[in-house]
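Survey of secondary and tertiary structure
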Amino acid sequence: DKGEFKHFMLKEIYEQPDVMAQVLEGRIANGHVLEQAFGVDAKHVFDQIKQVQIVACGTSYHAGMVAKYWFEELIGLPCMVEVASEFRYRSVVIREGTLLITLSQSGETADTLAALRDVKSQILASLSICNVPGSSLVRESNLCLMTNAGPEIGVASTKAFTSQLVALLLTCLVIGRRHGLSSEQEKQIVTDLQNLPTLTRTILDLDEPVKAMAEAFAEKHHALFLGRGALYPIALEGALKLKEISYIHAEGYPAGELKHGPLALVDKDMPVVTVAPNNEMLDKLKANLQEVRARGGELFVFAGCEQTLKSEEGMQVIALPACSKLMEPIVYTLPLQLLSYHVAVLKGTDVDQPRNLAKSVTVE
Ligand code: F6R
């Protein structure tokens, strides 16, 4: 039931603050993540991990890409990420002590499941981060962490993605204890996660300005999404959402790659969406935005603070509330979901059931 919402996708976008709380439910005690939440063998497995290999498809793959930044930056654990359809068909080298993490909303994605089955005998253990209890991936993995996002009806994934990000951060914390992450750091991150419902509610309050921004896209045929660091996968995810539901051709790029090709595409008909939180990459990102402006490109920026980036001719800025660096990928996802939603509504497409797509891809 869509209730007061016009589409399931919008309802699911708005469920995210509650979903953030549901992922944490029963998994935290005294400011720390409970290892038992991952299964009975969790402690034994976590003690032996030397690296992480993430495998997933589509939006779930983007969540995996964010996690790579977290695993390597926060706890110094090598982390590789690959789309399942590539991983399963090449000769992969699995090193000793590899935890295979599969990410999947449905738990039934054919390529992801096949990837798990293919390397089962070579890995230390498998962990499924999944939204459907009892699904194939959950049943066939050694450990699991349910994302508890509730049924996702809209074909374009929204709450499943952000709940995967929270679950991945919990995973990073329990493994991180063995790799130099202090109890204090863990407590701080848990507090940040506990504040997410409140924070994400204030982000959803930006719906009106985002909707106004969407009008600039309805007549466009292409769009570019830029981000740096852990926000690069968020740019990819923003582009995927836009193409899926509005059928506008969109590409996500790491902002630093702009001059290595995509800048050639930039003109007044190519809107450039940028996720620009107030972090140490902001100055570099601003230089990239200048390059776009100099070519007459129109900028649509989600920024961390009004002081650092202001709306001006050719640049619309929506400022988001401040948040800690680790929360940025989660927080900045929401306005991009709203943007693609409003563009699709303006274009009159079937938001919940985009053409040619299925909710669960059980054949390769
Ligand atoms: C995009 C989308 C797809 C899925 C992908 C994987 O909005 O929904 O890209 O993310 O098909 O599905 P799961 O997560 O069920 O394995």
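See the structure printed just above.
This section reports on the structure supplied with the text.

Cut-offs used in this document
- Residues numbered from 1 in each chain as written.
- Predicted model: local features only at pLDDT ≥ 70, side-chain atom pairs only at ≥ 80, totals over all residues.
- Heavy atoms only, no water.
- Near = heavy atom within 4 Å.
- Polar contact = N/O pair within 3.5 Å; in protein donor to acceptor, adjacent residues only side chain to side chain.
- Areas by Shrake-Rupley, 256 points an atom, 1.4 Å probe, with all protein chains shown as cover.
- Helix = DSSP H or I, 4+ residues; strand = E, 2+ residues; numbered from the N terminus.
- Salt bridge = Lys/Arg side-chain N within 4 Å of Asp/Glu carboxyl O.
- Buried < 20%, exposed > 50% of the residue type's maximum accessible area, 1.4 Å probe, protein only.
- Pairing = 2+ DSSP bridges.
- Axes fitted to C-alpha atoms, helices over the stretch in contact; angles between N-to-C directions.
- Contact = heavy atoms within 4.5 Å.
- Phe/Tyr/Trp six-rings, centres within 6.5 Å; stacked < 30°, edge-to-face > 60°.
- Lys NZ or Arg CZ within 6 Å of the ring centre and 35° of its normal.
- Right-handed = clockwise from strand over helix to strand, strands pointing away.

Taken together, 13 residues sit near the ligand, with Ser 60, Ser 104, Gln 105, Ser 106 and Thr 109 positioned nearest. A distance of 2.6 Å separates an oxygen atom of the ligand from a polar atom in the side chain of Ser 60. The separation between an oxygen atom of the ligand and a polar side-chain atom of Ser 104 is 2.6 Å. Coverage of the ligand by the protein chains reaches 89% of its 410 Å² of free accessible surface. Among the secondary structure elements, those contributing two or more residues to the shell around the ligand are α4 (58-74) and α12 (232-246).

In this section: the pattern of salt bridges. Scanning all chains against the criterion turns up 22 salt bridges. Between Glu 15 and Lys 11 there is a salt bridge, with the nearest N and O atoms lying 3.1 Å from each other. What makes Lys 11 partly exposed here is its relative accessible area of 22%. A salt bridge links Glu 82 to Arg 90; the nearest nitrogen and oxygen atoms lie 2.7 Å apart. Residue Glu 82 is classed as buried on the basis of its relative accessible area of 14%. Each of Glu 35, Lys 43, Asp 47, Arg 177, Arg 178 and Glu 186 takes part in salt bridges that share partners, so that together they form one network.

The subject of this paragraph is the sheet that holds strand β3 (residues 51-56). Spatially, the five strands line up as an open sheet ordered β4-β3-β5-β6-β7, and their pairing is parallel. Every other strand in the sheet has two partners, leaving β4 (79-83) and β7 (143-146) as the edge strands with one partner each. Direction aside, neighbouring strands of the sheet carry axes that sit 20 degrees apart on average. Pairing between β3 and strand β5 (residues 98-104): five bridges, direction parallel. Within β5, the residue paired with Ile 54 across the bridge is Ile 101. Set on the sheet, helix α6 (residues 110-119) makes contact with β3, β5 and β6 (125-130); between it and β5 the angle comes to about 165 degrees.

Of note, the phi angle at Tyr 247 is positive, near 65 degrees, even though the residue is not glycine. Judged by relative accessible area, Tyr 247 falls into the partly exposed class, the value being 26%. Here the phi dihedral of Asn 356 falls at roughly 70 degrees; this positive angle occurs in a residue that is not glycine. Taking relative accessible area as the criterion, Asn 356 reaches 76% and is therefore assigned exposed.

This next bit is on the packing of aromatic side chains. According to the stated counting rule, one finds three aromatic pairs in the structure shown. A ring pair is formed by Phe 38 and Phe 46, whose centres lie 5.2 Å apart and whose planes are at 85 degrees; its orientation type is edge-to-face. For the pair formed by Phe 38 and Phe 46, the shared burial category is buried. The cationic tip of Arg 355 hangs over the ring face of Tyr 247; the distance from NZ or CZ to the ring centre is 3.7 Å.

Moving on: the pairing of strand β10 (residues 272-276). Extensive coverage of β10 is indicated by the burial of five of its five residues. Where burial is concerned, the two faces of β10 agree: the one with Val 272, Thr 274 and Ala 276 and the one with Val 273 and Val 275 are both buried. Relative to β10, strand β8 (residues 222-227) runs parallel, the two being bridged by three bridges. Within β10, the residue paired with Leu 226 across the bridge is Thr 274. Bridge count for β10 against strand β11 (residues 299-303) is five bridges, and the pairing is parallel. Looking at β11, one finds that Thr 274 is bridged to Val 301. Chirality of the crossover, the property in question, places the unit of β10, helix α13 (residues 282-294) and β11 among those that are right-handed.

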